[in-house]
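Architecture at a glance
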Amino acid sequence: MLELDDVLAARDRVSETARHTPLDYSHTFSRMTGADVHPKLECFQRTGSFKIRGATNRVRTLSDDQQARGVVTASAGNHAQGVALAASRSGVDSKVVMPETAPISKVKATKSYGAEVVLHGADYDEAQAHAHELEDAENRTYVHAFDDEYVMAGQGTLGLEIAEDCPNVDTVVVPIGGGGLISGVATALKGELDDVRVVGVQAEGASTVAQSLDKGQPQGVDHVDTIADGIAVRQVGQKTFPVIQERVDEVVTVSDDEIATALVLLLERGKTLVEGAGATPLAAVLEEKFDYDDGETIVPALCGGNIDLNLLTTVIVRGLVDQGRYVKVRTVLKDRPGSLNTLLDAVADERANIYAIQHDRTNRDIAMNATEVELDLETRGPEHVDRLLDRIQDEGFDVTVLNGPRIESD
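What counts and how
Residues numbered from 1 in each chain as written. Predicted model: local features only at pLDDT ≥ 70, side-chain atom pairs only at ≥ 80, totals over all residues. Heavy atoms only, no water. Helix = DSSP H or I, 4+ residues; strand = E, 2+ residues; numbered from the N terminus. Buried < 20%, exposed > 50% of the residue type's maximum accessible area, 1.4 Å probe, protein only. Lys, Arg positive; Asp, Glu negative; His and termini not counted. Charge placed at Lys NZ, Arg CZ, Asp CG, Glu CD. Patch = residues over 30% accessible without salt bridge, like charges linked within 9 Å, V, L, I, M, F, W, Y side chains within 5 Å. Areas by Shrake-Rupley, 256 points an atom, 1.4 Å probe, with all protein chains shown as cover. Salt bridge = Lys/Arg side-chain N within 4 Å of Asp/Glu carboxyl O. Pairing = 2+ DSSP bridges. Right-handed = clockwise from strand over helix to strand, strands pointing away. Contact = heavy atoms within 4.5 Å. Axes fitted to C-alpha atoms, helices over the stretch in contact; angles between N-to-C directions. Parallel < 35°, antiparallel > 145°, perpendicular 65-115°, else oblique. Left-handed = near helix turned anticlockwise from the far one by under 90°. Nonpolar A, V, L, I, M, F, W, Y, C, P; charged D, E, K, R; others polar. Phe/Tyr/Trp six-rings, centres within 6.5 Å; stacked < 30°, edge-to-face > 60°.

1. Looking at the overall build of the protein chain
Counting secondary structure elements, the protein chain contains 16 helices and 13 strands. The principal-axis extents of the C-alpha atoms in the protein chain amount to approximately 80 × 50 × 40 Å. Taking all 410 residues of the protein chain together, the buried fraction comes to 57%. Considering the protein chain, the positive charge centre built from 39 side chains and the negative charge centre built from 69 side chains are found 5 Å apart.

Structure (structure tokens):
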């Protein structure tokens, strides 16, 4: 099993390429939670994620013959970039298989670091299967994204930095996909510090670890579905799972809506851009997915910042909707002069901003003398949405919320 000495040995190899990323106290998130929150800003790492650590350690430990034959790997994006850069810096040829759904930004970045990219399969597991075919056909060395002790040890150097920069930490919160990062970080922290708690976080749409812990062995799922593509893995690793069993204190899950909210808050309040997987630790803290005390020192590991801009747009809107700051409503008006003005005056009086409006007389589901109106509105929170809906209804309009925060009825 992976041990502290493995992580310590990896530190010298990794430090030549990976940055020692900042660990920054957050007044905002500490005030919101009552805890003492210090995000580990691994999203500022080279290639935008922690993956460069494990990839570098693995490439640097290859034999001369293995380096000469080149490497191959599979990745949803971050490991791809890590392997590409690590291989290029060591003069090793690299080929990376990425899912066909991989964000275009990650595909371009991987190519820019020197790797040949092959797009194959619907998700990581299908890409991995094809990468193993290339491993056999081209006699390359496969660099696993997580289920490799050299990779795990490299990722664990992030834990060494946390122990060095925040030795009084009580709880470290780490995302889990295949388990490479949390295995390394937990090994480093448990070896370096006394009484530190390690909490793992998975997306609800890819939550294999809790099931695996219940069964006592790795369990897989048929498919994964989450905006946190960096941890969208069907099964935890065979080598990472025993480390998680022994050294991780608790595993929790967060929903995509909760991830989106955390991502938007990090952008707006923390001035920090992260991807879905990177936002999961903070989401777990904000949503109190595990118990913690007032004033407890918590380090959420914001492990990656490589988010596709198209997804970012969707996530921002989802986050704003969840916070009650963006709402779409539908109503039906009598098709007569002044009806639309009455509706818009009600919206204006409540100081909601109209982002978009659609006016449709042709919908066959409404009466011939009526017109359907949809409004996209910028609002200031759930209470403001509630007041706005009450005002519109007071003017005699039946209103349906098409996309907005949950409003509890009396």
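From this point, the discussion proceeds with the structure in view.
2. Here we look at a negative patch on the surface
A surface patch of negative charge is lined by Asp-170, Glu-287, Glu-288, Asp-291, Asp-293, Asp-294 and Asp-322. Within the secondary structure, Asp-293 is located in the loop between helix H13 (276-286) and strand S9 (297-300).

3. Thoughts on the pairing of strand S2 (residues 71-74)
Residues in a regular strand project their side chains so that they alternate between the two faces of the sheet. The two faces of S2 match: Val-71 and Thr-73 on one face and Val-72 and Ala-74 on the other face are all buried. Where S2 and strand S3 (residues 94-98) come together, four bridges link them in parallel fashion. The partner of Thr-73 across the bridge, within S3, is Val-96. Traced from S2 through helix H5 (residues 78-89) to S3, the parallel crossover comes out right-handed. As judged from the two bridges shared by S2 and strand S5 (residues 141-142), these two strands associate in the parallel manner. Residue pairing in the sheet places Val-72 in a bridge with Tyr-142 of S5.

4. Comments concerning helix H3 (residues 51-60)
Most of H3 sits inside the fold, with nine of its ten residues counted as buried. Every buried residue belonging to H3 is among Lys-51, Ile-52, Arg-53, Gly-54, Ala-55, Thr-56, Asn-57, Arg-58 and Val-59, and all of these are buried. Those residues of H3 that are buried lie in contact with helix H1 (4-15), helix H4 (64-69), H5, S5 and helix H8 (149-165).

5. Some details on the sheet that holds strand S6 (residues 171-175)
The strand order across the open sheet built from five strands is S1-S9-S6-S7-S8, with neighbouring strands paired in parallel fashion. The strands lining the two open edges of the sheet, one partner per strand, are strand S1 (36-37) and strand S8 (250-254).

6. Re the packing of helix H9 (residues 180-192) against helix H11 (residues 240-247)
Between H9 and H11, whose axes approach to 9 Å, the crossing angle comes to 45 degrees. Between H9 and H11, the angle falls in the class oblique. Crossing geometry of H9 relative to H11 is assigned as left-handed. Side by side, H9 and H11 meet where Gly-180, Ile-182, Ser-183, Ala-186, Thr-187 and Lys-190 of the first sit next to Thr-240, Val-243, Ile-244 and Arg-247 of the second. Partitioned by chemical class, the residues of the contact of H9 with H11 number four nonpolar, four polar and two charged.

7. As for the sheet that holds S2
One open sheet holds the four strands; their spatial order is S4-S3-S2-S5, and the pairing between them is parallel. Among the strands making up the open sheet, the edge pair consists of strand S4 (116-119) and S5.

8. Things to note about the packing of aromatic side chains
Two aromatic rings are characterised by how far apart their centres lie and by the angle between their planes. Counting across every chain of the model gives two aromatic pairs. Taking the centre distance of 5.5 Å and the plane angle of 55 degrees together, the rings of Phe-290 and Tyr-292 count as tilted. Among the residues examined, Phe-290 registers a relative accessible area of 2% and is labelled buried.

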